[in-house]
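A closer look at the structure
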Amino acid sequence: MGYFEGFRVTFEQLFRPRVTIQYPEEKRPKALRFHGRHVLNKYEDGMEKCIGCELCAGVCPARCIHVRGLDNPPDAPVSPGERYGFVYEINYLRCIHCDLCVEACPTEAITESKLFEFSFSNRQDAIYTKDELLVADDGQPKHLPWEDWREGEDLHTSAWVRATAPNGDADYEGRVAWSAELGYGVRPPEAGQLGDDDAGAPIDDITVEQVAEGGHH
Amino acid sequence: MTEQTETKKDTVTVTVDGKTFEAAPGELVIAAAERHGIYIPRFCWHPRMKPVGMCRMCLVEIEGVRGLPPACTTPVAEGMVVDTRTPVVKKAQDGVLEFLLINHPLDCPVCDRGGECPLQDQTFSFGPGESRFVEEKRHFEKPIAISELVALDRERCIQCARCTRFADEVAGDPLISFVDRGDHTQVLTFPDDPFTSYFSGNTVQICPVGALTASPYRFKARPWDLDQVESTCSTCAVGCRVNLQSSQNDLVRMLGVDSEPVNHSWLCDKGRFGYQAVEHDGRVTHPLVRKGDELIEASWSEAYAAAAKGLADVRDLHGAGAIAFLGGARGTNEDAYAWAKLAKGVLATDSVDCQLDDGLPAAAVLGLPRATIDDACRAKAVLLLGPDLKEELPVLYLRLREAVVDGGVAVVELGPQSTGMTRHAKTTLLYRPGEAVEVARALTSGRDPMPDAGGVRGEELAAAAGILGRAGEGVVVVLGRPSVAESGRTVAEAAAVIAAAWPQARFLPALRRGNVMGALDMGLAPGVLPGRVGLDAGREWFSQEWGVLPEEPGLDAAGIVGAAAEGRVQALVLLGADPINDFPDRTLARRALAGAGFVVAVDTFLTDSSREADVVLPAAMYGEKAGTTTNIEGRVTRVNQKVTAPGTVRSDWIIAAELAQRLGGDLGFDSTAAVWAEIARLAPSHVGLTADVLGRRENRDGVVAPYEGEGPPRHEAPVEQIEAAAAVHQGETLPSEAVAGAPEHAAVDEPSDDDDPAGAGRPPLLTFAVGDAGSTAAPPAVDAYALRLVAGRRLYDNGVTVRHSAHLAGLAPSPRLRANPYDLDRLGLGTGDRVRVTSSRTTLTLEVAADTGIPRGSVALPFNLPGEGAADLIDGTQPVTDLRVETTN
């Protein structure tokens, strides 16, 4: 008997629901505010939100963001105002996805998608340029050939911003304090900051169950 | 400033926020409090300008005074009790900030000031936290260029009047002013009159918001990605202290540092924005060696070998005297010393000149008793015998202007044309070019009645002599080259005449190039050796260390260029010198470059001259190397490296050391610290001035050479006191920013210091007397049909710095011939007419303009402007240049 006693844990596990999945064929839904690859957003009229202020670069603890501003060409402005982000680069070998850049951004130009599944074969490729980070004409992140995007992962690029505002103060829950986005318009706020699920509009299309199921807390 | 004076009535006792301290009577509360660590917020008050009390941010509570007086306009009084943090004061500060922010756009993320903005900082520290203003803000057109260099955003302006006061009070160029009323009050230029002040960049630096921004810096970087180092500007020889700022290894900005004895935080625009040349794409980044007609990129070893072979061949064939060095006034002291040691201690040629016959003879600069800028600003009277300070040494002009306007210093100007200083001078004596000596003789003669001299009327001379006094007591002579078209020797001779007649007069050299004074101190001139000693006087002292020395004095720049044109100088080494553009006589310079069989150019750009070279060795520029520099006073300060040099560019001293090795010598140093250690050990005027001494906190404004050891005051301290002071200092651990490696060299120096505390055995420093300037041929008699040329300079010229700075290049004016309206009338000409100008060298067609600041019989044409100009006309072999001016039709 003593011999089988040792297998007790094993046998118990045999009859429990399986928690492992067949990654990468199969994937878990990601947390709503998962910090993945960045996107640079545009306004509804197609203007870039980034004004090249370098606050993201300034706050970045990994020093992975490089921004350079330039005067907006008066006849074909890239962004509203005087300056636009002429160079915008993120080095993903350094980025720790802390999202401080998203918090620092005064125009919600930089937010994060859910994508973390991308890899490179050399250091140069790890530096995403503005071309790659900028959303496409439909407002969706560009799906680059080496990235493994799954259904729905590109929809929630500004979830963190919409949780609370300004400055992460829960008292501002439900108040829209952000600008409209290309392809989405003004996105609704995220509910549930005060433990009250009815306080705001529901998040567009990921259900609360999905979040609970997929979230590794 | 922190010295406590013992007698009671010299100070008053005040209490600020419970802290009691002594302050000078008349000192403002805001300044006295700041000195004792209590910061009172302010926008309009600036320590270098008069208070106006416009912004109301510095309101404080003073016991017994009704209301809240502004701390910036209230002088301290005995027993005054000030509170800066009471609830009433806090409420006032909240109110002021809320009002200021009503119309201030919150575009901080796109504002160049964002991140280093006093309005931002003080709103965080003292502000209300929230605004109640929800209405639309006032709007103006976003930024308007009020000059080529400054952009104005009127929305951001908080009407502190710092810029308008600076332009009016400090720069003396009141080109910007407030217009309109109420919430539409705005700073503007006058219609069709841009803010073309040479000092406009200072308004950007002192603007407490982002209303004034600098076009060259616009959107280049943000404050948090700047990295900075304190250095000394080397655009001209005033030696302003600066903060050199870079982002991503690019120089992006220079800010003035408040150095009490030098620049009072101000900079000129050429100095402030000239860093753009360092970042220019056209730099020479690799050595070039001539193969046939072309300069081909080569490795350093090839280039060194080619340069050394060329020089060695000339030395072996024609003797060391056939090798000459021109230039070297743009580098550090270490660079200059290395070149001097290579030329004089290895090659044994004395034909070395850091000036291009556009300054003054070295003996005059080094041998006359020296004054500091402060001496000049506190003098009883200043005699200005030199260039237009506003154009050549702009910050010295600011200092002197302040001394005149606020300090009541009397300036007597002596020159061939009126200058920017003329309107501040008590009297201006306009002499005939080439006749400065006669004027100096008359001025110091004390004769009554005074005869006319050099084209100046006797009465004018008498009035000037009356201002200057009889013995030169309290007189500082600012001495430079008033015009490139008249021989520097006559000016030096005039100075010698003044020095002989007025033994108490002191001289402040007004030479132009960045480190020309350092280069002269380091011996880059004929007949001198490092440390302000003559070749013969220093022979024994230096031959022990250097081995060989030149047998006899060599040629100066004029002599070198003349000899090269005749083929007597066979090899020419150009140390950043561009004789084709900078030597007064372009015709002769061209012939010299063609006549010298072998030319080595150590340069940063391919100039008209270095294009003619056989070997071009790329040198590091300002900001790319560390070392020391010397300003017009002889003040030695540090220059620091901020960015890495492009390509394989090297510092001058390394190039000199490598060349020396290939020429069979050894300069004996392997770091800038080692070069300086040798200077501090050997150069008689610099003995003891080690990196350690320079690095001390109390010496952060530099140390004036000749260094006379530690302990105040200079000149007066007996030897025992100096020794005592030195002993005290040795026991202390003083903060030192010494360059790595310096301490061991400093240790090496000590024996020589101890052996030789009072300078026994050291050669005596140079002196300069009448006749030392060499032959000063009298100018030819004035020809009634000719006009005598005056060639001054403009701040923005065709020099390497301006030409390669994107924002400055366009500011160089096109050359115009200016003459007295009387002479123009005589010739039947008016402003704007084109005339044919003929000298013994060439004929040019130029536009003329009437200018009452030019005396009759003279004609002014600025030197070194883009295109053909004064250099083509000047005949360097003559003491003056006479021109024929004719109508073109």
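Residues numbered from 1 in each chain as written. Chains lettered and ligands numbered in written order. Predicted model: local features only at pLDDT ≥ 70, side-chain atom pairs only at ≥ 80, totals over all residues. Heavy atoms only, no water.

Re the state of the cysteines
Residue and element names in this part refer to chain B. By the definition in use, this model includes 0 disulfides over all chains. Considering cysteine sulfurs only, Cys 44 is the nearest to Cys 55, which forms no disulfide, with 3.8 Å between them. The thiol of Cys 160 is not disulfide-bonded; the next cysteine sulfur, from Cys 207, is found 6.1 Å away. (Disulfide = S-S within 2.5 Å.)

Quick word on the sheet that holds strand 29 (residues 703–704) of chain B
Residue and element names in this part refer to chain B. One open sheet holds the 3 strands; their spatial order is 27-28-29, and the pairing between them is antiparallel. Taken across any chain shown, the strands that pair with only one partner, and hence form the sheet edges, are strand 27 (627–630) and strand 29. Pairing geometry for strand 28 (residues 635–639) and strand 29, over 2 bridges, is antiparallel. The residue bridging Arg 635 from the neighbouring strand is Val 704, located in strand 29. Docked against the sheet, helix 8 (residues 333–346) engages strand 27 and strand 28, running at close to 90° with respect to strand 27. (Pairing = 2+ DSSP bridges. Helix = DSSP H or I, 4+ residues; strand = E, 2+ residues; numbered from the N terminus. Contact = heavy atoms within 4.5 Å. Axes fitted to C-alpha atoms, helices over the stretch in contact; angles between N-to-C directions.)

A short note on the side chain of B:Arg156
All names here are of chain B. Counting through the fold element by element, Arg 156 comes out in the loop between strand 6 (150–152) and helix 4 (162–170). Residue Arg 156 is classed as buried on the basis of its relative accessible area, which comes to 3%. Within polar-contact distance, the side chain of Arg 156 engages the backbone oxygen of Gly 210 at 3.0 Å. (Buried < 20%, exposed > 50% of the residue type's maximum accessible area, 1.4 Å probe, protein only. Polar contact = N/O pair within 3.5 Å; in protein donor to acceptor, adjacent residues only side chain to side chain.)

What to know about the interface of chain A and chain B
Counting residues at the interface gives 14 residues for chain A, matched by 18 residues for chain B. Around 1200 Å² of area is buried between chain A and chain B when both sides are counted, 49% of it from carbon and sulfur atoms. Looking only at chain A, the three residues that lose the most surface to chain B are A:Arg68, A:Glu82 and A:Arg83, adding up to 51% of its buried area. Linking chain A with chain B are 5 salt bridges. (Buried area = accessible area lost by both parts, 1.4 Å probe. Salt bridge = Lys/Arg side-chain N within 4 Å of Asp/Glu carboxyl O.)

Re the domain arrangement of chain B
All names here are of chain B. On domain assignment, one finds that chain B holds domain 1 (3–100), domain 2 (363–510) and domain 3 (787–887). Using C-alpha coordinates to define each centre, domain 2 is positioned 24 Å away from domain 3. Of the residues lining the interface, 16 residues belong to domain 2; the matching set on domain 3 comes to 19 residues. Of the roughly 1500 Å² buried between domain 2 and domain 3 on both sides combined, carbon and sulfur atoms contribute 57%. On the surface where domain 2 and domain 3 come into contact, there are 2 salt bridges. Across the pair Glu 435 and Arg 788 runs a salt bridge whose closest N-O atoms are separated by 3.8 Å. Our count for the domain 2 to domain 3 interface comes out at 6 residue pairs in polar contact (both at pLDDT 80 or more). In terms of residue class, the side of domain 2 that touches domain 3 is built from 7 nonpolar, 5 polar and 4 charged. (Domains from an automatic or database assignment. Nonpolar A, V, L, I, M, F, W, Y, C, P; charged D, E, K, R; others polar.)

Concerning the packing of helix 13 (residues 436–445) of chain B against helix 14 (residues 458–468) of chain B
Residues and elements named next belong to chain B. The N-to-C vectors of helix 13 and helix 14 enclose an angle of 60°; their axes lie 9 Å apart at closest approach. The angle between helix 13 and helix 14 places the two elements in the oblique class. In this structure, the crossing between helix 13 and helix 14 has a hand that is right-handed. In this structure, helix 13 uses Val 439, Ala 442 and Leu 443 to contact helix 14, whose residues at the interface are Leu 461, Ala 464, Ala 465 and Leu 468. Across the contact of helix 13 with helix 14, the residue classes break down as 7 nonpolar, no polar and no charged. (Parallel < 35°, antiparallel > 145°, perpendicular 65-115°, else oblique. Left-handed = near helix turned anticlockwise from the far one by under 90°.)

Considerations on helix 18 (residues 557–565) of chain B
Residue and element names in this part refer to chain B. In terms of burial, helix 18 is largely enclosed, as 8 of its 9 residues are buried. Those residues of helix 18 that sit buried are Ala 557, Gly 559, Ile 560, Val 561, Gly 562, Ala 563, Ala 564 and Ala 565. Packing partners of the buried residues in helix 18 comprise strand 15 (323–327), strand 16 (352–353), strand 24 (571–575) and helix 20 (586–595). Of the residues trailing helix 18, Gly 567 is marked for its positive phi of about 85°.

Quick look at the side chain of B:Glu391
Residue and element names in this part refer to chain B. Here Glu 391 shows up in helix 11 (residues 389–392). Residue Glu 391 is classed as buried on the basis of its relative accessible area, which comes to 11%. Polar side-chain contacts of Glu 391 include one of 2.7 Å to the side chain of Tyr 198. Apart from residues no more than four positions distant in its own chain, Glu 391 is found in contact with Tyr 198, Arg 793, Arg 794 and Leu 795.

Thoughts on empty space enclosed by the protein
Residues and elements named next belong to chain B. This structure, assessed with the given rule, holds 13 cavities of 30 Å³ or more. Empty space within the largest cavity amounts to approximately 720 Å³. Around the largest cavity, the lining comprises 45 residues; the ones closest to its centre are Arg 330, Thr 604, Met 621, Val 800 and Thr 801. Elements with a contribution of two residues or more to the lining of the largest cavity: helix 6 (269–273), helix 8, helix 19 (579–582), strand 25 (598–603) and helix 26 (800–803). Taken together, the residues of the lining of the largest cavity sort by class into 18 nonpolar, 14 polar and 13 charged. (1 Å grid on protein atoms, 1.4 Å probe; cavity = no way out; pocket = protein on both sides within 12 Å on 5 of 7 lines; lining within 4 Å. Points joined across faces, edges and corners; volume = space filled by probe spheres on them.)

Thoughts on the nonpolar core
Grouped together as the largest cluster of nonpolar side chains are 212 residues, with contacts concentrated most on B:Phe325, B:Trp339, B:Leu342 and B:Leu383. With residues up to four places along the chain from it excluded, the contact list for B:Phe325 reads B:Trp339, B:Leu342, B:Ala343, B:Leu347, B:Thr349, B:Ser351, B:Val352, B:Asp353, B:Ile560, B:Val573 and B:Leu575. (Core = buried A, V, L, I, M, F, W, Y, C linked by side-chain atoms within 4.5 Å.)

Regarding the pattern of salt bridges
Residue and element names in this part refer to chain B. Evaluated as defined, the whole model comprises 69 salt bridges over all chains. Put simply, Glu 260 and Arg 48 hold a salt bridge, and the shortest N to O gap is 2.7 Å. A residue pair is termed long-range when its members are at least 10 positions apart, and Glu 260 in the loop between strand 12 (250–256) and helix 6 and Arg 48 in the loop between helix 1 (29–35) and strand 3 (61–62) qualify at 212 residues. The class for Glu 260 is partly exposed, based on a relative accessible area of 42%.

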